[in-house]
Amino acid sequence: MVKKIGLMLFMSIFVLVLTACSNQKIERRPDDNMLYVGSVQTSFPTAFMPWLSRSGIAPTIAGMLYNTLFSYDEETGDFDPVIGKEWYYVDDDGEPIVTEEGAIDYDCLEEIYSDSSHEYLAVKIIIHDNITWSDGEPLTVDDIYYTFDIATNNLLSNHAGALAWTSDLRHKYTNGVMTKQGLFTYENGALEQGYDIAEEDKDTVIYMHVNKVLGSVMPLFTSVLILPEHIWEPVVTPENQLNSAEPTEETLYRYKNPVGSGQYVLDTQQSSSQQIILHRRDDYHLTKEDGSPLYNVERINYILYQEINVAIYALLKGHIDVLDTSVSSNYLRLFEKEDDIFISNAPGTFIQTLVLNVNPVSSERNAQRDLLRDKNFRKAIALAVNQDDLIENVLNGAGIKASSGLMRKSLVDFFNPNADSLPTDYETRIDLANEILDTIVPNKDSDGYRMLDGERISYNILGHPGEQDVISYLEIQFEKIGIDVNYAAKGAQPESTYLYTSRFDMTLQGVIFSISNVDIMYPAHFQTLGRTSNYGRLENENLNDKINEMRFTLNLNTKYNLIKEIQPMLADEYYKIPLYTSNIISVARTDRFTGYVVVEGATVLNDSTLQNLTKVESE
Amino acid sequence: MKKSYVIKRILYSVFVFAVVITLNFFIPRIGVEDPAERYYPPQGNMSEIEYEIIKQATREQYGFDVSPWQQYLNYLEGLTHGDLGMSFRSGSPAVADLIIDRLPWTLVLSVSTMLIGLIIGIMFGVIAAMKRGRWQDTVLLNASTIMIALPSFFIALILSFYLGFEYEIFPAYTDPNMVSNFEWTFASLRNVAQNAALPVLSMAVGSIIGYAQGTRNAVIAVTNEDFILTAKAKGLKQNTIRYKHILRNSMLPIVTSLGMSISGLIGGQVVIEQIFNWNGMGTLFLEANNMNDYPLMMGIMLLLSGFTILAILVTDLIYVLLDPRVTVGDKR
C-alpha cells in the first residue's frame with residue numbers, strides 16, 4: 001500500500017514536471033496597442049478608493065483615473081488647466097484681480113488684502129463645461145463643492161490626508177455641523193456672499209475662501225482628486241464614511257469599480273493584484289490642438305515586479321516596453337550596449353544632504369556633539385565635502401552638484417547662485433577647513449585624527465544600507481580634516497528611534513524645495529522644533545523671521561525675492577550640507593513605441609511621454 | 001497510544017496557542033508610544049488644534065482610539081467568529097479574505113516542493129547510505145556542502161536567468177494573468193505548473209539535499225544498531241531488513257523535520273515569491289510589513305503559529321505511533 005502511494009506521488013510529480021516542461025511560451029506583449037509597463041513594487045492596489053494612500057503605484061493610478069482642479073508646472077510656476085479652466089484671486093465683489101494682460105496683479109492683491117479686515121483670500125475657479133465622468137454623467141461645480149465639503153467634514157470622511165490638504169480652506173465642520181462656509185456656488189450661497197454667478201455659469205463657477213497666504217491654493221488645486229457626487233453621496237453616511245475602516249459592500253464595490261474624470265479608466269475585468277490595465281477615454285475633455293486625443297497611448301498594462309533584477313531582464317528580453325522605476329547608475333553599462341533601449345538620464349530634483357545635529361535636546365548632548373553647535377566647526381565639515389568626487393564615485397557621474405542654498409538651478413525665478421560662497425577648488429577648501437579646525441580642536445592622535453578631551457572626534461552618520469557607499473566616501477573626505485565618521489544603520493523607523501529624539505550625530509536626508517512646497521517645507525526643515533524634519537533642531541531667529549515673511553507675503557515677486565534671500569542664510573548655517581543631486585535613470589524599449597520624453601525629476605513614463613509616444617510601424 | 005497522553009498534548013497546544021494570540025497582539029505594540037503615528041499626514045501649516053483633529057481621525061480610522069486592553073478584547077471577540085480584522089490597505093479588505101486568496105498559491109509551491117524534496121531526498125539518502133563511501137555518497141556529501149553555501153535566492157536568480165530568460169525553458173516569472181484567469185481546466189493547470197516550475201525547483205534543490213542528508217545519517221545510524229545485526233543473523237531477506245527494519249526506524253528524524261517543514265508550508269518563501277512574482281503568503285507578509293499593516297501581520301502570524309502548533313502536535317502523535325517507546329511526559 002505504502003509503495004503504491006509512493007509510486008503515485010512519484011508519478012504525479014513526474015507528470016507535473018513533464019507538463020511544466022511542455023514548451024508553451026507565454027506571450028508577454030500580445031496587444032499591439034498596449035504599453036506594457038513594469039513597475040517594481042511590493043504590491044498593487046486592488047481597490048481604488050479615490051484618495052488612495054500615497055505609497056507605491058497607488059497615487060499614479062489615482063492620478064490617471066481621477067483629476068485634480070489644476071496641475072502645477074514647476075518651471076513656469078503656473079497652474080495648468082485640468083478640470084479647472086481658469087482661476088483668479090477676486091475682490092469682495094468677486095471681480096478678478098488681474099493686470100491688463102490677464103496675469104495676477106500681485107500689487108493690487110497685496111493692497112486689497114493686506115489690511116486686517118480681510119481674514120481670507122477669495123478665489124474664483126471656472127471649470128471646463130464639457131467634462132464627463134467615466135460613466136457619462138457631466139462633471140459640474142456641484143461635484144467640486146461635494147468633494148471639498150466632504151473632505152473637510154470628518155463625520156463623513158475619515159481621511160486624514162484630505163483634512164490636511166484642505167486645512168487652508170476656510171470651510172470648516174465641527175462634529176458634522178458646518179461652522180464656517182468657504183465654498184460658494186450658484187446653488188450654495190454665492191449670491192448671499194456677494195458673488196453674482198449668472199445662471200448659464202451655474203455649473204462652471206465656484207468661489208473659495210482660503211487662508212491669507214499664496215501657498216493656500218496649492219494643495220487645494222493639485223492634491224485633492226475630485227469625486228463624483230452622484231457615486232458617493234448615496235452611500236456615504238456617518239456610519240459608512242468615505243474612508244471607513246469597515247466599508248459596506250456597496251462602498252467596496254465603488255472602490256473596486258472607480259468612476260473618475262481622468263484620462264484613463266480601469267479595466268476591472270482584467271486587472272488583478274498582479275497587473276493593472278487602463279484604457280484611454282476617448283471622451284476626455286482635454287485634447288491636442290488638432291482635436292486628437294491628448295494621450296497617444298490607448299492602453300497601459302502595469303505589471304508588478306517585486307525584484308528589480310527580474311524587471312530589468314524582463315525589459316531587456318522584451319517582456320515589457322517600459323520600466324517605470326529609477327534604476328541605479330550601476331546598470332547604465334548594461335543598457336548602453338543594448339539595441340532598442342532608450343535610456344532616460346533625467347536631472348533629479350532631490351538633493352541629498354548631510355544633516356548635522358546642531359542643537360540636540362539637553363539629555364542627548366555630549367562634548368563631541370557640542371562641537372556641532374559651533375558654526376565654524378560645521379563650516380569646516382562643509383568645506384571637506386567634495387561633491388565632484390561623490391558624483392563620480394557614488395553616482396558613476398549620473399548626477400549634478402547641489403547648491404548650498406538647497407534650491408535647484410533650474411528654478412530660475414528664485415534660484416540664488418550667491419548661496420554658494422565657499423571656494424570651489426578642493427585643495428583650497430581642505431586647507432581652509434584645517435585652518436578653521438586647528439583653532440577649535442588642534443590636537444591630533446597618531447593616525448592624524450583630531451582629539452577632544454583625549455578622545456578621537458568620531459561621528460556616526462545614519463543611513464540606509466544602500467547609502468553605505470556615500471558614507472564610505474565621506475569617511476575618506478573627512479579623514480582629510482581629521483574627523484572620523486562611520487556608517488550607522490538608520491533602521492526602519494529612524495524618525496521615532498533617532499531623529500525626533502535627537503539621538504544622532506549626523507544623518508543623510510534627501511530634500512526637495514520648490515515654490516510649490518516652501519511654505520510648508522521651510523518651516524518643517526528649518527523652523528519648527530519637535531516632530532518635524534528639522535531633525536537637528538536648528539534655531540535662528542533671523543531665518544525664522546525671513547521664512548515667516550516669505551510665507552505670508554501676498555506678492556509673488558516679493559516671495560521670489562525672499563526665497564532668494566533665504567538661500568544664502570541656509571547655506572551659511574552649514575546645517576544641511578548638500579552632497580549631490582542624482583539623476584533619475586530609467587529605461588524603455590523602442591521596438592514598439594518611440595517618442596519617450598525626458599522630464600526633470602521623473603522616470604521615462606511621465607505625462608509628456610504618454611502624450612507623445614507613437615507606435616513603431618512594423619515592416 | 002494512551003488517551004491521557006493525547007488529551008494532555010492537545011490541552012498543552014491550546015494553552016500555547018492562547019499565549020501566542022496574546023503575544024501576537026501585544027508584541028508589535030511594545031515600546032510604541034502612539035501606534036497611529038506612522039499614519040499621520042504631515043502637519044504642514046496646520047495649527048496644533050487642527051492637527052489634533054486630524055490625528056484623532058486617524059486614530060479612529062485605525063482603531064487606536066481606545067485603550068490597548070480594549071483593542072485586545074475587540075480582537076479576541078473578532079477571533080471567536082473567525083474575524084481577523086480589516087487590513088489597513090486601501091479598500092480595507094478583510095484580513096481573512098486576503099489570506100484565503102493567497103494561501104492556495106503558496107500551498108501549490110510549498111506542497112510541491114515538500115513532496116519533491118521528500119521523495120527524491122529520501123531516495124537519494126537511502127542510496128547514499130547503502131553506498132556509503134562510494135561515489136554516490138561522495139556526490140551527495142559534496143552537493144550538500146555546496147548547497148548549504150548557496151542561498152536559495154541565489155539559486156532562484158540563476159535559474160530564472162538561465163532557464164527562464166536565456167533558454168526560455170520555463171517562465172522566468174509568473175504570468176500576471178495566471179491567478180485572474182485560473183480555471184479548473186487542464187490548460188489552466190498546465191499554466192500553473194509551468195509558472196510554478198522554477199520557484200519549486202529553486203526551493204526543491206535545498207529541500208532534496210536536506211532530506212537526503214537527514215535520511216542518509218539516520219539510515220547509517222540505524223544500520224549500525226544491534227537489532228539490524230540480529231535481523232541479519234536471523235537470515236532475513238535483504239529487502240525486508242532495508243524497508244521493514246532500517247527505513248522504518250530511520251523515519252523518526254525525517255518525521256521531525258517533516259513536521260517542522262509542514263509549519264513552514266503556509267508561510268511561503270518571501271524571497272522566492274518575490275523573485276518569481278509569485279502571489280503567495282510570503283509576499284503578503286512582506287506587504288503587511290512594509291505597509292505597517294498591523295491586522296494583516298497579526299493575522300498571518302496567528303495562522304503561522306497555529307499551524308506550527310498543530311504540526312508539532314501531529315508530529316508528536318505520529319512519533320508515538322512510529323515508536324511506542326516515546327511517551328514523553330507520561331509518568332509510568
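Please read these numbers as outputs of a predicted model, since none were measured by experiment. (Residues numbered from 1 in each chain as written. Chains lettered and ligands numbered in written order. Predicted model: local features only at pLDDT ≥ 70, side-chain atom pairs only at ≥ 80, totals over all residues.)

Caption draft 1: Quick look at the overall build of chain B. Within chain B one finds 13 helices and zero strands. The linear arrangement of helices and strands in chain B, starting from the amino end, is α-α-α-α-α-α-α-α-α-α-α-α-α. Dimensions of chain B along its principal axes, counting C-alpha atoms only, are 90 × 60 × 40 Å. Partitioning the intrachain contacts of chain B with sequence separation of at least 6 by distance along the chain shows that 72% fall at a separation of at least 24. (Helix = DSSP H or I, 4+ residues; strand = E, 2+ residues; numbered from the N terminus. Contact = placed C-beta atoms within 7 Å.)

Caption draft 2: Local environment of the overall build of chain A. Within chain A, the secondary structure is distributed over 21 helices and 25 strands. The C-alpha radius of gyration computed for chain A amounts to 28 Å, which stays within 12% of the reference 25 Å derived for 619 residues, consistent with globular compactness. Taking the principal axes of its C-alpha atoms as reference, chain A extends roughly 90 × 80 × 55 Å. Counting the 619 residues in chain A, one finds 45% classified as buried. Considering only contacts in chain A between residues 6 or more positions apart, those separated by 24 or more positions represent 67%. (Rg over C-alpha atoms; globule rule 2.2 N^0.38 Å. Buried ≥ 20, exposed ≤ 12 C-beta atoms within 10 Å, placed from the backbone.)

Caption draft 3: A look at the pairing of strand β21 (residues 506-511) of chain A. All names here are of chain A. As paired elements, strand β15 (residues 351-356) and β21 share six bridges and run antiparallel to each other. When the sheet's bridge partners are listed, Leu 354 is paired in β21 with Leu 508. In this structure, strand β19 (residues 458-463) lies alongside β21, joined through two bridges in parallel fashion. Residue pairing in the sheet places Ile 461 in a bridge with Met 506 of β21. (Pairing = 2+ DSSP bridges.)

Caption draft 4: Focus on the interface of chain A and chain B. Taken residue by residue, the interface counts 53 residues in chain A and 52 residues in chain B. Elements with a minimum of two residues in the side of chain A that touches chain B: α1 (2-21), α5 (160-165), α9 (249-256), β12 (299-305), α10 (308-316) and α18 (518-526) of chain A. Looking at the side of chain A that touches chain B, the element that brings in the most residues is α1 of chain A, giving seven residues.

Caption draft 5: Quick look at the sheet that holds β21 of chain A. All names here are of chain A. Sheet architecture is open: six strands sit in the order β16-β22-β15-β21-β19-β20, paired in mixed fashion. The open sheet has two edge strands, β16 (399-400) and β20 (484-489), and neither has a second partner. Here helix α16 (residues 468-479) sits on the sheet in contact with β19, β20, β21 and β22 (576-582), set at roughly 165 degrees to β20. (Axes fitted to C-alpha atoms, helices over the stretch in contact; angles between N-to-C directions.)

Caption draft 6: Quick peek at the sheet that holds strand β4 (residues 84-90) of chain A. All names here are of chain A. Here four strands make up an open sheet; going across it, the order is β4-β5-β9-β8 and the pairing antiparallel. If you trace the sheet from one side to the other, it starts and ends with β4 and β8 (183-184), each paired once. Contacts from helix α4 (residues 141-152) reach β5 (121-127), β8 and β9 (205-210), with the element oriented near 25 degrees to β9.

Caption draft 7: Quick peek at unusual backbone geometry. Positive phi, normally seen in glycine, also occurs at Asp 340 of chain A, with a value near 60 degrees. Within the element layout of this structure, Asp 340 of chain A appears in the loop between α11 (332-336) and β14 (341-346). What makes Asp 340 of chain A partly exposed here is the crowd of 13 C-beta atoms within 10 Å. With a phi close to 50 degrees, Glu 168 of chain B is a non-glycine residue in the positive phi region. When you line up the elements, Glu 168 of chain B lands in the loop between α6 (152-166) and α7 (177-180). For Glu 168 of chain B, a count of 13 C-beta atoms within 10 Å gives the class partly exposed.

Caption draft 8: Region of interest: the nonpolar core. Membership of the largest hydrophobic core comes to 216 residues, with the highest contact counts inside it found for Val 37, Leu 65, Val 123, Ile 206, Met 208 and Ile 461 of chain A. Counting only domains with at least three residues in this core, you end up with domain 1 (3-80) and domain 2 (103-322) of chain B. Within the second largest apolar cluster, 22 residues are counted, among which are Phe 88, Tyr 294, Met 297 and Ile 300 of chain B. (Core = buried A, V, L, I, M, F, W, Y, C linked by C-beta atoms within 7 Å. Domains from an automatic or database assignment.)

Caption draft 9: Focus on the environment of Phe 513 of chain A. Residue and element names in this part refer to chain A. Locating Phe 513 in the fold gives a position in the loop between β21 and α18. With 22 C-beta atoms counted inside 10 Å, the residue Phe 513 sits in the buried group. Apart from the residues lying within four places of it in its own chain, the contact partners of Phe 513 are Leu 406, Met 407, Val 518 and Met 521.

Caption draft 10: Spatial organisation of the environment of Gln 611 of chain A. Residue and element names in this part refer to chain A. Looking at where Gln 611 falls in the secondary structure, it is placed in helix α21 (residues 607-612). Sequence separation between Gln 611 and Tyr 596 is 15 residues, and the spatial gap between their C-alpha atoms is 9.3 Å. When sequence neighbours within four positions are dropped, the list of residues in contact with Gln 611 reads Leu 294, Tyr 295 and Asn 296.

Caption draft 11: How the structure looks around the domain arrangement of chain B. All names here are of chain B. When cut into domains, chain B gives domain 1 (3-80) and domain 2 (103-322). On a C-alpha basis, the centres of domain 1 and domain 2 stand 35 Å from each other. With twelve residues of domain 1 in contact, the opposing surface of domain 2 contributes twelve residues. Its residues placed into classes, the side of domain 1 that touches domain 2 shows eight nonpolar, two polar and two charged. (Nonpolar A, V, L, I, M, F, W, Y, C, P; charged D, E, K, R; others polar.)

Caption draft 12: Highlighting helix α13 (residues 375-384) of chain A. Residue and element names in this part refer to chain A. The element α13 is extensively covered by neighbouring structure, given that seven of its ten residues are classed as buried. Of all the positions in α13, only Phe 377, Arg 378, Ala 380, Ile 381, Ala 382, Leu 383 and Ala 384 are classed as buried. Looking at the buried positions of α13, the neighbouring elements they touch are β15, α12 (367-371), α15 (426-440), α16 and β22.

Caption draft 13: Looking closely at the packing of α13 of chain A against α15 of chain A. Residue and element names in this part refer to chain A. Relative orientation of the contacting elements α13 and α15 amounts to 155 degrees, with a least axis distance of 8 Å. On the basis of their axis angle, the class for α13 and α15 is roughly antiparallel. Between α13 and α15 lies a crossing whose hand is left-handed. Contacts between α13 and α15 involve Asn 376, Phe 377, Lys 379, Ala 380, Leu 383 and Ala 384 from the first element and Arg 429, Ile 430, Leu 432, Ala 433, Ile 436, Leu 437 and Ile 440 from the second. (Parallel < 35°, antiparallel > 145°, perpendicular 65-115°, else oblique. Left-handed = near helix turned anticlockwise from the far one by under 90°.)

Caption draft 14: α16 of chain A, seen in detail. With twelve residues, α16 of chain A should reach 16 Å at 1.5 Å per residue; the first-to-last C-alpha distance of 16 Å fits that figure. Of the surrounding secondary structure, the elements contacted by the buried residues of α16 of chain A are α13, α14 (387-393), β19, β20, β21 and β22 of chain A. (Expected span 1.5 Å × (residues − 1).)

Caption draft 15: Geometry of the packing of helix α4 (residues 95-130) of chain B against helix α13 (residues 294-322) of chain B. Residues and elements named next belong to chain B. Two elements in contact, α4 and α13, have axes separated by 9 Å at closest approach and are oriented at 55 degrees. In terms of their interaxial angle, α4 and α13 are classed as oblique. The way α4 lies across α13 gives a crossing that is right-handed. Contact residues: Val 95, Ala 96, Leu 98 and Ile 99 in α4; Pro 295, Leu 296, Gly 299, Ile 300 and Leu 303 in α13. Looking at side-chain class alone, the contact of α4 with α13 contains eight nonpolar, one polar and no charged residues.

Caption draft 16: Focus on the confidence of the model for chain B. Residues and elements named next belong to chain B. Averaged over all residues, the pLDDT of chain B is 83; the fraction at 70 or higher stands at 91%. Model confidence for chain B, summarised as mean pLDDT per element, is weakest for helix α2 (residues 48-62) at 75 and strongest for α6 at 89. Here the complex is predicted with pTM 0.85, and the ipTM for its interfaces comes to 0.79. (pLDDT = per-residue confidence, 0-100.)

Caption draft 17: Region of the structure containing the environment of Pro 423 of chain A. All names here are of chain A. Following the sequence through the fold, Pro 423 ends up in the loop between β16 and α15. The exposure class of Pro 423 is partly exposed, given the 13 C-beta atoms found within 10 Å. Taking the C-alpha atoms as reference points, Pro 423 and Leu 383, 40 residues apart in sequence, are found 8.2 Å from one another. Each residue touching Pro 423, except ones within four places of it in the same chain, is listed here: Thr 428, Arg 429 and Leu 432.

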